[in-house]
There are 2 protein chains.
Amino acid sequence: MTRSIGAIAQQTGLPPDTLRYYEKIGLLRKVARDPGGRRRYDDADLSRLRFIQRAQRCNFSLGEIRELLELRDRPGPPRSEAQRLTERKLAEMAQQLADLNRLHGELQLLLNLCRGGEEGCPIIEGFEAGDVERPAR
Amino acid sequence: MTRSIGAIAQQTGLPPDTLRYYEKIGLLRKVARDPGGRRRYDDADLSRLRFIQRAQRCNFSLGEIRELLELRDRPGPPRSEAQRLTERKLAEMAQQLADLNRLHGELQLLLNLCRGGEEGCPIIEGFEAGDVERPAR
DNA sequence: TTACGACCTGGAGTCAGCTCAAGGTCAAGG
DNA sequence: CCTTGACCTTGAGCTGACTCCAGGTCGTAA
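Residues numbered from 1 in each chain as written. Chains lettered and ligands numbered in written order. Predicted model: local features only at pLDDT ≥ 70, side-chain atom pairs only at ≥ 80, totals over all residues. Heavy atoms only, no water.

A. Inspection of the interface of chain A and chain B at higher detail. Every contact between the two is made by 50 residues of chain A and, on the other side, 50 residues of chain B. Inspection of the chain A/chain B interface yields zero salt bridges. If you look at where chain A meets chain B, you find two residue pairs in polar contact (both at pLDDT 80 or more). Elements that contribute at least two residues to the side of chain A that touches chain B include exactly helix 3 (43-57), helix 4 (62-73), helix 5 (79-115) and helix 6 (122-129) of chain A. Top contributing element to the side of chain A that touches chain B by residue count: helix 5 of chain A, with 21 residues. (Contact = heavy atoms within 4.5 Å. Salt bridge = Lys/Arg side-chain N within 4 Å of Asp/Glu carboxyl O. Polar contact = N/O pair within 3.5 Å; in protein donor to acceptor, adjacent residues only side chain to side chain. Helix = DSSP H or I, 4+ residues; strand = E, 2+ residues; numbered from the N terminus.)

Quick look at the structure:
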């Protein structure tokens, strides 16, 4: 059973333009066509799209997702490669979390000072004075 | 005391192109020129640039920083506006933190499964099966 | 037959935040 | 006088992930 681009757009929530875009950049390799040249998506395509959507929700970029899809396509257990990618992504996210956490704390501090009354504006002054530290980057 | 664009680039770590860019988009309003037309940065410019850099490290976009700078420029305590901006940013960051945390947990789970031996690849399969949840977004 | 809606293509535009390239000017040093 | 190096301007290019547009085609229905 195959579906038109419109039907797939409905099912996935991805606009037709995005579906064509995914195909163009090779995430979806050549989708089958009907005699009139319109795209017909089969179950494998749908499954691939679902995969893309889930991986994207886990903060993988389209480039990384392409790598994962290649692993998925290759026969045999891809295991270690996928692990490597995931470990890298986890490390990245841990770093982001740490940075974000620290910044959040600093900003919260500034805001609390600000609410504490007194003169001036600790937020503005904080950025002027430099008591806000730089990230590890 | 004023400095050339090269000197300011040294002091701030921002490349000359970026300094000219900041001026172009109005973060730095017209920088003074010498008789030959070259930019001369004064202490106020430097302080402004430091402000920009610190706010940027706190995840404010250049657009938001422009708002903060306008507040800073206006006489009188800007307080409540800066508070509002900061509260919004804090809320945004809290949301990002929550999302990132959840994703990190899910990915870690997948990776642990993966290291546990057995058949197949839980990472790949996780994205296929859909046990990874969607963000609140 | 004609209209309509869904689809097709290629290519351009969007956002942020730079970054670079080409071609011109200017001041100081040898 | 000539070269070098820092600077100037305008305008284009980059990344990622779309998003939109114009103009053309296809299939079905009235």
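On we go.
B. The side chain of A:E64, seen in detail. Residues and elements named next belong to chain A. By secondary structure assignment, the location of E64 is in helix 4. Taking the relative accessible area as the measure of exposure, E64 reaches 10% and is therefore buried. There is a polar contact of 2.8 Å between the side chain of E64 and the backbone nitrogen of S61. Sequence-distant contacts of E64, that is, excluding residues within four places in its chain, are made with N59, L85, R88, K89 and E92. (Buried < 20%, exposed > 50% of the residue type's maximum accessible area, 1.4 Å probe, protein only.)

C. Spotlight on the pattern of salt bridges. Under the definition given, this model contains 19 salt bridges over all chains. Salt-bridge contacts for A:E64 lead to A:K89; the nearest nitrogen and oxygen are separated by 3.0 Å. A residue pair is termed long-range when its members are at least 10 positions apart, and A:E64 in helix 4 and A:K89 in helix 5 qualify at 25 residues. Since its relative accessible area comes to 5%, A:K89 is described here as buried. Between B:K89 and B:E92 there is a salt bridge whose closest N-O contact spans 3.0 Å. Taken together, the residues span about one helical turn, with B:K89 and B:E92 both in helix 5 (residues 79-115) at a distance of three residues.

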